[in-house]
Structure formats: structure tokens, C-alpha cells
Amino acid sequence: MRRRNLVLLLFISLLGLAACGGGNANKEESVTLILAAYTTPREAYREIIPLFQAQWREQTGQTVRFEESYQGSGTQSRAIVEGFEADVTALSLEADIIRIEEAGLITHDWRSKPYNGMVSTSVVAFAVRAGNPKGIYDWADLARPGIEVLTPNPRTSGGAMWNILALYGAAQRGFVAGVPANDDAAAQAFMQAVLKNVTVMDKAARESIINFEQGVGDVAITYENEVLVALQGGQNYELIIPRSSILIENPLAVVDRYVDKHGTRDVAEAFVAFLFTREAQEIFARHGLRSPDPDVLAATTAQYPPLEDLFTIAHFGGWAAATPAYFGEQGIYTLTISRVLGGG
Amino acid sequence: MSTLAPKPTLVTRPVSWRRVWSRRLLIGLVVIYIAILILAPLVSLVWGAFRTGVGPVITALNQPDVLAAFGRTLWISGIVLIIHALGGTVVAWVLVRHRFWGQKILNGLIDMPFAVSPVVVGYMLLLLFGRNGLLSPVLTALDIRVAFAWPGMVLATLFVTLPFMIRELGPVLEAFGVQQEQAAATLGASGWQTFWYVTLPAIRWGFFYGLTLTLARALGEFGAVLVIGGGIQGGRTETATLYIYRALDERDTVGAYSAALLLGLISLILVIGSDLWRRREKAE
């Protein structure tokens, strides 16, 4: 009896082990491409990937298997640096690609691709409850006492970094009621007032909006495309675009070190090229993203109205300057959030 | 025992009404407390999964991704279970039966997984096994991949489940004492024979209980395997919990609830099973 129990246990354990053996796919007939992306464009990729697979099969007879991972842009970028061997990475912002470049994993000039390597764009916008009961129409409303704000954590989420820069830039440019233009002290006070209203800081933009959908908060600062995808999916809330916002530009790159290791350079580069085609760009546009392709953008202006004041990362001197100035150890955001958390 | 026989009672003076009511109130509060904490989420899970009927649940679970994720969870847990069954028993044995320098520190270290957040465990392993990690040169030379692959996930799960076996077996071994072992040794049994025929049978319920706890914890691990594994879907590192997380992100609520329900059921069976073992242990 006692023995039998042990034997049984051992047997079950071995069964578990046996289940782990998996066959390797035939390398000539199929190839595996690992895509590491930030969280919001997943629905677009779900539609684009089968089209690329069909095209590649037609051209080469090879089947492309995709392995996908969707995490916060910062998380994803650091994972790749730490050894997550992604062939292609689609991130929220340039700074996260630069980190991989500086680690020596991306060695080609990814900016030589169309639109400086930016595969999609969007703007920072708000999601508010149906009927907008709190009357949130612009940046200034986020700082009102008692408004609960959701925005992800800039340490892990690219979207969160865009959010912070959008609200600060709008304040600097005189588009926040009560904050004079070019008054950095006032802009900082405004940032602090908004951060004080933040109730939850999620790891990634998608997690943040899902939390909003579960009933947390009055307003979520997020990508315009994140809200549009949610509304397409039947969610019942509203998109508010502020008068002034930042143009979010999402870069994409082949990770040289890993494609060379895997022998997947051809298919990886073909996939990247495919994402810039009109066909793929139209799919991105259907999933809430503003296309960098002027023709596609012109055809979709009804869905993507121009803003009164749309600025780019150039307002902050580019990501190479903005990252340390706002998110570095002595960065404006870093100091402000520590004041909010420390001083209440 | 006759049912007519008067019950022996500790309280000889008449019990006041007030006392009866305060007792009932207390029991009622405890029942409500547990119901809110455990039952309410469970009911909402079942409701969430079956809201649109049984069909969608079966469809949601019968997908290659989901089956692969559950398979991965099961075999990672299986490896962890075997290692802890052997290692945990040895560690518990050594800690209880021997005295040596540094024992207290070692004993304290074993509880560390209880205190450290699993996410931190994932990062610690990345610092060790990542591309810039301490062991990176060795791993590259041997062409072994640990981070963002199953060995890293096994290590993470091993770490978070380390204390269960040891802390379960320790007191059982202590209570069993050494007399019978010494008697066996006097009769000429080897150390191995003593362990196999004397000690192990005596501690077997504790052994099974420890394994069950280890398994239950391994099945549910999330943070550590997310960080070290990267949650690569359609690939090699998506476990059942990571699938649930992904399904929520994709607004596939039926998928998320169904997978969560299945995982919850497995855990429930384990907990009930271990409770039965507990009772048998007490009965002996």
C-alpha cells in the first residue's frame, strides 16, 4: 500500500515529464518568426499576420510560424536586451528601440525605412465614461480635485511616457487653461496636480484601459487607437481628443543579432517591409492607428480629425534628450512623482 | 454510545442567552467573512465562464494555444514536483536530524520565497541568467538558454515553491523522533533501509501534503514566470496563468474565465485531496 502510493506518484510525475517532449518543425518547410510588440496594436497584427503568411508562402513555399509577445514597451525593450530573442520588435517609442541599439543588438540603420521607421502613429487622448458625466473635455479638467485618472507607469509602459509628455507639452504650449505658455514652473505644478489624481498606474497601456473598463476611474489617458479598438469591440465609453496633444510615433525594427543567430533575416525583413505596404497600413488604420502614409491618412481623415495643436517629440528635442530630461534620475517626471508619492 | 446518555459538558453553570447569541453572531460573521473572501469570487468566476452557455467554454478551452499553455504549466509543475519531492525531503531531513554551523541562516533562507515578491524573483533570475547576467558567459559557451525559455521558468517555479515541502516535513520528522530509526539501526539496517522502511512510511502523509501544496503553488505561479519567460504566445513560454492574463488583455472574457475556472478546479481538487490526506494522517 505504502509502496504503491509512491510508485503511483512517480508514475504521474513521469507522465508529466513525457508530456513535455515536443517535435521540432521541419526547418525547410517552415520558419519561425518571433515578434515582440507593445500591447496596443495586437488586434491589427492578428489581421495582418495571416496576410503576410499567405504572401510568404506564395513567394517561397515556406510556412511562417509566428510567436508573439505583447507587453509594455519598456518591459519588452529590456527583455530583448536581457536575451528575449525577438526577430522583429514593434515598440511604442524610439527610446525603447535606442536601448536595444545601444546594447548592440540592432546594428542597421532602422530609420532608413519609410517614415523614419515609424510604422504607425496615434495621438494621446482620453477615455471617459459614457455621456461624459464628469465633463472632461481637455487637459485642465484632469487636474480638477476629485477626478480619478488612470495612466500606466512610465517605468514599464511607453504609452505612459507619451501621456506625460503630452500633458506637459500641452501646458508649455499654452493649451491648458490657467497655465501660461512657456511657464515651466506652472507646467510642472499642473503635472503634479494631474499625478495627484492618478489612482492606478498599470504596467502597460492595455492593462490600464482594461482596468478602466472594469469601472476604475473617471478618465484614462491613453492612445487614441486604444480607445478606438475598444469601441470597435463594443465597449461603451467615449473618446475625447484634447485640443493639443503629441503625435505618437511607433517604431519597428529587425533585431540584427537575433535574426542572424536564427537565420531568419530574409523573412523578418520581408515582414517589416510588408507592414509598410498600403495593404497593411490600411489595416492599421482600421484598428485605430493614424497612418504615417499620407495617402492612407488622407483617406481616413473622417475617423482621424486633425488637432488644433499637434506637436511631436521634436518639441522636447527628440527622445535622446527627452528621456533623461523627464524620466532620468533628476528628470521632471521623476521628481514630480516622488513629490506626489512622498508628500501627498 | 447511546444517544440518550447525557453529554459531558465543561460548562456546568447555565449558559446565558446573551452568550448563545454572541456565539451565533461570531459564527455568522466568520461564515460571511469566508463567503465574501472565497465563495463570492468563485461564484463570479463560474458565472463569468458559463454566462453564454457551456458551448463557448468548451470551445474556449479546446484551442491549441490553451491546451499548450495548460500542458506547459503541467509539465513545469511536474518537474518541480519531482525535484522538490527528492530535494525537499533531503533538506528537511538534514535540518531536523543534524546540527551544523550556519544552520540557522540556512533555515532562515528557506523561508525567503514566502517573503519575496515573485516578480522580484523573476528579475533576480534575469540578473543571473539574462544576456547581461552573471552566468551569461558560461551559458553562451555551453549554448544553453535559461531566460525566456523553459529552464528559467522551472527555476522560477522551484524558487517560489521551495519552502512548502521542507516546512511540511520538518515538524512531521521532528514529531516522529529518532527512537524507531535508532532501533532499526541497532538491528542492522543501513541508513537507506532505515529511511525507506521506517522513516518514509511514518511521514508519508506529510510528504503527500507537502507535494500537494507545492503543486498547487506551482500551477498558480504568475509573476516570476512572466518576467523570466516573457509570455511568448504560440511559442514556448506561455503558461496557463499567462494565458489567462493575455485573454483578459484581448478582452476575451469567456476565454479568460474558462481557463481560470479550469485552473481553479484543478487547485480545488488538490486542496480537497490534501485535506483528505491530512485527515488520514490525523487518524493514524
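Residues numbered from 1 in each chain as written. Chains lettered and ligands numbered in written order. Predicted model: local features only at pLDDT ≥ 70, side-chain atom pairs only at ≥ 80, totals over all residues. Heavy atoms only, no water.

1. Comments concerning the packing of aromatic side chains
Phase 1 of the analysis: Going through the model one piece at a time under the given rule, you end up with 25 aromatic pairs over all chains.
Phase 2 of the analysis: Between A:Tyr45 and A:Phe271, the ring centres sit 6.5 Å apart and the planes meet at 40 degrees, which makes this aromatic pair tilted. Placement of A:Tyr45 in helix 2 (residues 42-60) and of A:Phe271 in helix 11 (residues 265-275) is noted, with a sequence separation of 226 residues between them.
Phase 3 of the analysis: Ring geometry for B:Phe207 against B:Phe208: centres 5.9 Å apart, planes inclined by 70 degrees, an arrangement best described as edge-to-face.
Phase 4 of the analysis: Three or more aromatic residues joined by ring pairs make a cluster, and in this case those are A:Tyr45, A:Phe52, A:Trp56, A:Phe66, A:Phe271, A:Phe274 and A:Phe284.
Phase 5 of the analysis: Above the plane of the ring of A:Phe212 lies A:Arg129, whose end atom (NZ or CZ) is 3.8 Å from the centre.
Phase 6 of the analysis: Geometry around B:Trp21 places B:Arg24 over its ring, the cationic atom sitting 5.0 Å from the centre. (Phe/Tyr/Trp six-rings, centres within 6.5 Å; stacked < 30°, edge-to-face > 60°. Helix = DSSP H or I, 4+ residues; strand = E, 2+ residues; numbered from the N terminus. Lys NZ or Arg CZ within 6 Å of the ring centre and 35° of its normal.)

2. Regarding the domain arrangement of chain B
Residue and element names in this part refer to chain B.
Phase 1 of the analysis: By domain assignment, chain B separates into domain 1 (12-50) and domain 2 (54-283).
Phase 2 of the analysis: The straight-line distance from the C-alpha centre of domain 1 to that of domain 2 is 33 Å.
Phase 3 of the analysis: Contacts between the two partners involve five residues from domain 1 and, on the opposite side, seven residues from domain 2.
Phase 4 of the analysis: Across the interface of domain 1 and domain 2, roughly 620 Å² is buried in total on both sides, 86% from carbon and sulfur atoms.
Phase 5 of the analysis: When the buried surface of domain 1 facing domain 2 is broken down by residue, Leu45, Ala49 and Phe50 rank first, second and third, together holding 75% of it.
Phase 6 of the analysis: Viewed at the interface, domain 2 and domain 1 are joined by zero salt bridges.
Phase 7 of the analysis: Viewed at the interface, domain 2 and domain 1 are joined by zero residue pairs in polar contact (both at pLDDT 80 or more).
Phase 8 of the analysis: Its residues assigned to classes, the side of domain 1 that touches domain 2 comprises four nonpolar, one polar and no charged. (Domains from an automatic or database assignment. Contact = heavy atoms within 4.5 Å. Buried area = accessible area lost by both parts, 1.4 Å probe. Salt bridge = Lys/Arg side-chain N within 4 Å of Asp/Glu carboxyl O. Polar contact = N/O pair within 3.5 Å; in protein donor to acceptor, adjacent residues only side chain to side chain. Nonpolar A, V, L, I, M, F, W, Y, C, P; charged D, E, K, R; others polar.)

3. Let's talk about the packing of helix 8 (residues 205-213) of chain A against helix 12 (residues 240-249) of chain B
Phase 1 of the analysis: Across the interface, helix 8 of chain A lies against helix 12 of chain B with an axial gap of 9 Å and an inter-helix angle of 70 degrees. Overall, the two elements helix 8 of chain A and helix 12 of chain B adopt an arrangement that is roughly perpendicular. Contact with helix 8 of chain A, carried on its side by A:Arg206, A:Glu207 and A:Ile210, involves B:Tyr245, B:Leu248 and B:Asp249 of helix 12 of chain B and no other residues of that element.
Phase 2 of the analysis: Split into classes, the residues belonging to the contact of helix 8 of chain A with helix 12 of chain B amount to three nonpolar, no polar and three charged. (Axes fitted to C-alpha atoms, helices over the stretch in contact; angles between N-to-C directions. Parallel < 35°, antiparallel > 145°, perpendicular 65-115°, else oblique.)

4. Description of the nonpolar core
Phase 1 of the analysis: Counting 78 residues, the largest nonpolar core has A:Tyr45, A:Trp139, A:Phe271 and A:Trp319 as the members making the most contacts within it.
Phase 2 of the analysis: The leading source of residues in this core is helix 6 (residues 158-172) of chain A, at nine residues.
Phase 3 of the analysis: A domain-level breakdown of this core finds at least three residues from each of domain 1 (30-120 + 249-299) and domain 2 (121-248 + 305-343) of chain A.
Phase 4 of the analysis: Listed in part, the 43 residues of the second largest apolar core include A:Leu91, B:Val154, B:Leu226 and B:Ile232. (Core = buried A, V, L, I, M, F, W, Y, C linked by side-chain atoms within 4.5 Å. Buried < 20%, exposed > 50% of the residue type's maximum accessible area, 1.4 Å probe, protein only.)

5. Points about the domain arrangement of chain A
Residues and elements named next belong to chain A.
Phase 1 of the analysis: By the assigned domains, chain A splits into domain 1 (30-120 + 249-299) and domain 2 (121-248 + 305-343).
Phase 2 of the analysis: Taken together, the contact between domain 1 and domain 2 spans 24 residues of the former and 30 residues of the latter.
Phase 3 of the analysis: Ranking the residues of domain 1 by area buried against domain 2 places Thr40, Glu249 and Arg290 at the top, with a combined share of 35%.
Phase 4 of the analysis: The interface formed by domain 1 and domain 2 includes 13 residue pairs in polar contact (both at pLDDT 80 or more).
Phase 5 of the analysis: The set of elements that each furnish at least two residues to the side of domain 1 that touches domain 2 consists of helix 2, helix 3 (73-81), helix 4 (94-102) and strand 9 (244-254).
Phase 6 of the analysis: Looking at the side of domain 1 that touches domain 2 element by element, the count peaks at four residues for helix 3.
Phase 7 of the analysis: Classifying every residue of the side of domain 1 that touches domain 2 by side-chain character gives five nonpolar, twelve polar and seven charged.

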